Amino acid sequence: MKHLIPLLFIVLGSVSVYSQNITVKLIDANTKKSIPYANIKTGDYSGVISNEEGYFTLHDVANDAQITISCLGYKNKNITVKDIKSFNFIIALEESINELNTVYISAEKPNADDIVSKARQHLSKNYDSKLYKHEVFSRETAYMDFNTLNFDIEKTSHVKKQQLESANKSLDSLSKAIINSKTKHFKDFKADLYMDDSLKTKLVVQKATELIDQKNNLSIEDVQKRAQDVILKYLDTTITYKLKTGLFKIEDSLSLNEKEDKKTSENEYNIKNLKEQTTSLLKRAQFYNTSFASEILDADLYEYSFQDISYFNDDLIYVINYKPRRYKAKYTGKLFIADSTYAITKVDFKYADGKRGQKVNLKLILGVKYIENMRRGTIIYQKDSVNKYQPHYIKFEEGRYFYVSRPLKFIENSPEKNKTSFDFTIEGDILTKQELLLTSNSKISLDDFKKVTEDKNVPYVTLHSYDASIWKQDQTLEPSTEMKEFKGED
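Residues numbered from 1 in each chain as written. Predicted model: local features only at pLDDT ≥ 70, side-chain atom pairs only at ≥ 80, totals over all residues. Heavy atoms only, no water.

A closer look at the pattern of salt bridges
Keep this limit in mind: Salt-bridge detection follows one rule: a side-chain nitrogen of Lys or Arg within 4 Å of a carboxyl oxygen of Asp or Glu. Secondary structure elements are defined from DSSP: runs of H or I of at least 4 residues count as helices, runs of E of at least 2 residues count as strands, and each element is numbered from the N terminus. Throughout, exposure labels follow a simple rule: accessible area from a 1.4 Å probe, protein chains only, divided by the maximum for the residue type, with under 20% read as buried, over 50% as exposed, and the rest as partly exposed.
For the structure on display, the rule yields 16 salt bridges. Linking K433 and E52 is a salt bridge whose minimum nitrogen-to-oxygen distance equals 3.0 Å. Taken together, the residues span a long stretch of sequence, with K433 in strand β21 (residues 419–443) and E52 in the loop between β3 (46–49) and β4 (55–61) at a distance of 381 residues. Residue E52 is classed as partly exposed on the basis of its relative accessible area of 35%. Of the charged contacts in the structure, one is a salt bridge between E372 and R375, with a shortest N-O distance of 2.9 Å. This pair shows no difference in class: E372 is buried, exactly as R375 is. It is possible to trace a salt-bridge network through shared partners that takes in E52, R376, K395, E397 and K433.

So this is what it looks like as structure tokens:
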């Protein structure tokens, strides 16, 4: 026993030295500002990326582990975990020198149209989408901000005036509470995404979480339900009601005394929905005839202009601006194209001035209005083991304005059929941010794809504060400060 205890301490000490998690911040050596979207390689074709605040976390790394940090516009940095500790977990990157005038001193500066044309010509050589297995980590961040919320009981044939005043007062308090709620939630999952030779996909999820504030996690339907419950308190609770909106019946037997059956499926995600979301995000970043990324390379739709040069992994990178040439085109942004391969290594995009997405205005007919008024994002590519460029990180943000004005009518399921009419108007904004990190990519055969089986649903863990231990063995996106400080209620 006396020999066993020292041996145990040696083993535990070895584990703590050689198996550890570290969180690091990247900054610009001159400005001291954080550096987002830097590539952190822990292997030849694996690694993570720094988040929008410049942070990244590595799991189960040894002191002598070699880390390569590369970022557009900065010199590469090769460093060990031991070195990172000595720098107090803050790493400064030096800018690459812009040598535009030196590089092109004896020739004309690059022509943007020629560079983009060569990028199009090299697409089949640089990119491959078919028959791949992608290890992915997905994060969705959603915000709902209610700007206006009005409830009003217009008329009732059987409720006393005092009760009606109390009901409207309760609805007013509910309205104020909802407007101040600032609904937000975060959904994370880690999975393998398989793609066959016809771009069909299968998704196998290993782990999923949802970080929410249950009290303030509100949809338009949740708002309506809370208002309904307030009104029912002032009606005859011994009977049930039909609930109608305009000509449409919503509920046939509504009662405050009804208890909803809680099903286990409430803590499950539908795989089909997760797959559609993930596949859609990945396909935006791939190059095939009708893809989003290919559309930006269409010279009939977009106008290009040369802006600058930069460097990435010691390769000269052309920085090309693009903007709409035709009405059909919607985006403006930058293309980053490697001089050595004419591969597009990064794409920044957003709606151009005056451009919008989907718009539905049925305000006068159905009391509904919807405008997609913001879209922006970033796609970053890196080479895989067969020397093809694959999306490494995709960020896609959308902002939407909504307006709903809904008349509701409670009708007693009784011989008297007493009615209570109620209106609510709700207006606000929804912001969603989807991020997809591809931690590794590998070629597969069609037989491999066919052998993959999908579940219909996948369970997820509900959290009310961020728990880093859930992902301690996984390479993921480092959460933002907002996410780390989030506190919710059951």
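Focus on helix α4 (residues 112–121)
An α-helical turn contains 3.6 residues, so a residue and the one three or four places further along point in the same direction. What counts here: Throughout, the arc means the angular range of directions from the helix axis out to the C-beta atoms. Residue contacts follow a heavy-atom distance rule, with two residues in contact if any of their heavy atoms lie within 4.5 Å. For this analysis, a polar contact is any N or O atom pair within 3.5 Å, provided that within protein one partner can donate a hydrogen and the other can accept it, and provided that sequence-adjacent residues contribute only side-chain to side-chain pairs.
Listing the buried residues of α4 in full gives A112, I115, V116 and A119. Down the axis of α4, the sector holding all buried residues measures 95°, keeping them to one side. For α4, the secondary structure elements touched by its buried residues are α5 (123–126), β14 (302–312), β15 (315–324), β16 (331–338) and β17 (344–351). Where α4 begins, the side chain of N111 points an oxygen toward the backbone nitrogen of D113, at a separation of 3.0 Å.

Section: the confidence of the model for the protein chain
Selection rule: The pLDDT value expresses, per residue, how confident the predictor is, ranging between 0 and 100.
Residues of the protein chain with pLDDT of at least 70 account for 87%, and the chain-wide mean is 85. Taken as a whole, residues 4–17 scores under 50 in pLDDT and shows four contacts with residues more than four places along the chain or in a different chain. Considering only residues more than four positions removed or in separate chains, one finds that residues 259–265, a stretch of pLDDT under 50, has two contacts.

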